[in-house]
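As a plain string of letters, each chain reads:
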Amino acid sequence: MSAHDCGELMNSRYLQSRRVVLGGGGHALRVVPARLRIEGTTITEVLEIENEESCTLPAEAVLDDYGDKLITPAFVNAHTHLALGFLRGYDMAAACRGNMVEEFFFEVETRLHPEDVRAFARIGAYDSLLSGVGLVWDHYYRGEMVAEALRDVGLCGVVAPTLQDLAGPGRTDWEEQLEATSRLASSEAWAQAGVYAALGPHATDTVSEDLWMRAVELAEEFELPVHAHLAQSPEEFGRSMERHGCSPTAWLARLGVLDRAPGAAFAHGSYASADDL
């Protein structure tokens, strides 16, 4: 890169290090000297530095030189409930003696107000940033409060407002959460903040066939992924066998969810068989 090329970028902000992780195009990762051009909150160009003297910046340019500190892409946490971080330190051994989801989490979550979700999710988002996580896939009640918390902190995320109609703390709130999903999906302002939407049916035993179908239809309309829990407890597996005569995974396949969803992220799978997988 010539000094003239650098001059054309004089209005940009730069990060620089002698150890920047680069890759892509099927090649192995490399750790090399490089400079990142930043426009707003977006990396617009990565400039590998072969000879630092050949790429001097004008005095007006803003350059943060991190020396030998590593600059690397952030982690992605593919399934979070950021708002539950406030339970850190609780006696989880006691909580795990029964069905942890139904006997513990549901009991706690019925007592959370929307403002609680935003406040606790904000702390969870900050923890994520401190751990090197740059994007989360969060599945939780009061999805717009989670989105607000992400924007408060500056963490990117894919938010799936929890949908339930058979059981769980959100069973009377599913229509509002469907509408919240639509609002998130259709908002350019949220996209500019790095916050995107996914459809969030909770699980196969807390969501009816009708609501699964409505979720899939909305996913198709907005080209969104489906983010759900699948075979996360023996009770869920047993209910699926009793109600549908097959495993939770097989039931979703029968409904067409696995084929119709534009994309999908299924969490846990603790009681999914090898055939299911």
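Here the structure is shown first, and the text comes after it.
Just so it is clear, the model here is predicted, and its values are computed rather than measured.

**Student:** What exactly am I supposed to notice about the layout of surface pockets here?
**Tutor:** Rolled over the atoms, a probe as big as a water molecule pinpoints where empty space is left. Each pocket or cavity is described by its volume, and for the largest pocket that value is around 1100 Å³. If you trace the largest pocket, you find 35 residues lining it, with T41, I43, T72, A74 and G134 closest to the centre. When residues of the lining of the largest pocket are assigned to their parent elements, the largest contribution, five residues, is made by strand β1 (residues 13-24). Of the residues that constitute the lining of the largest pocket, the class distribution is 24 nonpolar, nine polar and two charged. Approximately 420 Å³ is the volume attributed to the second largest pocket.

**Student:** What am I meant to see in the environment of E223 here?
**Tutor:** The residue E223 is located in the loop between α8 (209-222) and β11 (225-230) in this model. Counting along the chain gives 82 residues from E223 to Y141, while the straight-line C-alpha distance between them is 22 Å.

**Student:** Explain the packing of aromatic side chains to me, please; I cannot follow it from the model alone.
**Tutor:** What characterises a pair of aromatic rings is the spacing of the ring centres plus the angle enclosed by the ring planes. Within the structure shown, the criterion is met by four aromatic pairs. On the basis of an interplanar angle of 20° and a centroid distance of 4.4 Å, the ring pair of F86 and F120 is categorised as stacked. Taken together, the residues F86 in the loop between β6 (75-80) and α2 (92-95) and F120 in helix α4 (residues 114-130) connect sequence positions 34 residues apart. The ring of W190 carries the charged tip of R151 above its face, separated from the ring centre by 4.0 Å.

**Student:** Sorry, what's going on with the pattern of salt bridges here?
**Tutor:** Charged atoms that come close allow side chains of opposite charge to pair. Summed over the entire model, instances satisfying the criterion amount to 16 salt bridges. Of the charged contacts in the structure, one is a salt bridge between D127 and R88, with a shortest N-O distance of 3.0 Å. Of the two residues, D127 is situated in helix α4 and R88 in the loop between β6 and α2; the sequence distance between them amounts to 39 residues. Owing to a relative accessible area of 25%, D127 belongs among the partly exposed residues under this scheme.

**Student:** In this structure, what is going on with the packing of helix α9 (residues 234-244) against helix α10 (residues 248-255)? I would like to understand it.
**Tutor:** When two helices pack together, their arrangement is given by the angle between their axes and by how far apart the axes lie. It is at 9 Å that the axes of α9 and α10 come closest, and there the two elements cross at 50°. The angle between the axes of α9 and α10 places the two elements in the oblique class. Contacts between α9 and α10 involve E236, F237, S240 and H244 on the former and, on the latter, P248, W251 and R254. When its residues are assigned to classes, the contact of α9 with α10 shows three nonpolar, two polar and two charged.

Reading the values: the criteria
- Residue positions are given per chain, counted from 1 along the sequence in the order it is written.
- Confidence filtering applies because this is a predicted model: local features only for residues at pLDDT of at least 70, side-chain atom pairs given and counted only at 80 or more, and all residues used for totals across whole chains, interfaces and linings.
- To get the side-chain values, take all heavy atoms of the structure and skip hydrogens and water.
- Method remark: on a 1 Å grid restricted to protein atoms, a set of points is classed as a cavity if a 1.4 Å probe fits but cannot get out and as a pocket if it is open with protein on both sides within 12 Å along at least five of seven lines; lining residues have an atom within 4 Å of a point.
- Grid points are joined across faces, edges and corners, and a volume is the space filled by probe spheres set on the points.
- Only runs of H or I of at least four residues qualify as helices and only runs of E of at least two qualify as strands under DSSP, and these elements are numbered from the N terminus.
- Three categories are distinguished: nonpolar for Ala, Val, Leu, Ile, Met, Phe, Trp, Tyr, Cys and Pro, charged for Asp, Glu, Lys and Arg, and polar for the others, with Gly belonging to the last.
- Aromatic pairs are defined between Phe, Tyr and Trp rings, using the six-membered ring for Trp, whenever the two ring centres lie within 6.5 Å; interplanar angles under 30 degrees are classed as stacked, those over 60 as edge-to-face, and all others as tilted.
- The criterion is that NZ of a Lys, or CZ of an Arg, lies within 6 Å of the ring centre and within 35 degrees of the ring normal, and then a charge sits over that ring.
- Basic side-chain nitrogens of Lys or Arg form a salt bridge, by our definition, when they fall within 4 Å of a carboxyl oxygen of Asp or Glu.
- Only protein chains enter the accessibility calculation, which uses a 1.4 Å probe. A residue is then buried if its area is under 20% of the maximum for its type, exposed if over 50%, and partly exposed in between.
- To get an axis, a line is fitted to the C-alpha atoms, and for a helix only the part in contact is used. The angle between two axes follows their N-to-C directions and goes from 0 to 180 degrees.
- Should an angle fall under 35 degrees it is taken as roughly parallel, and over 145 as roughly antiparallel, whereas 65 to 115 is taken as roughly perpendicular and any remaining angle as oblique.
- By definition in these notes, contact holds between two residues if any of their heavy atoms fall within 4.5 Å.

Spatial relationships are all this shows, so hold off on functional conclusions.
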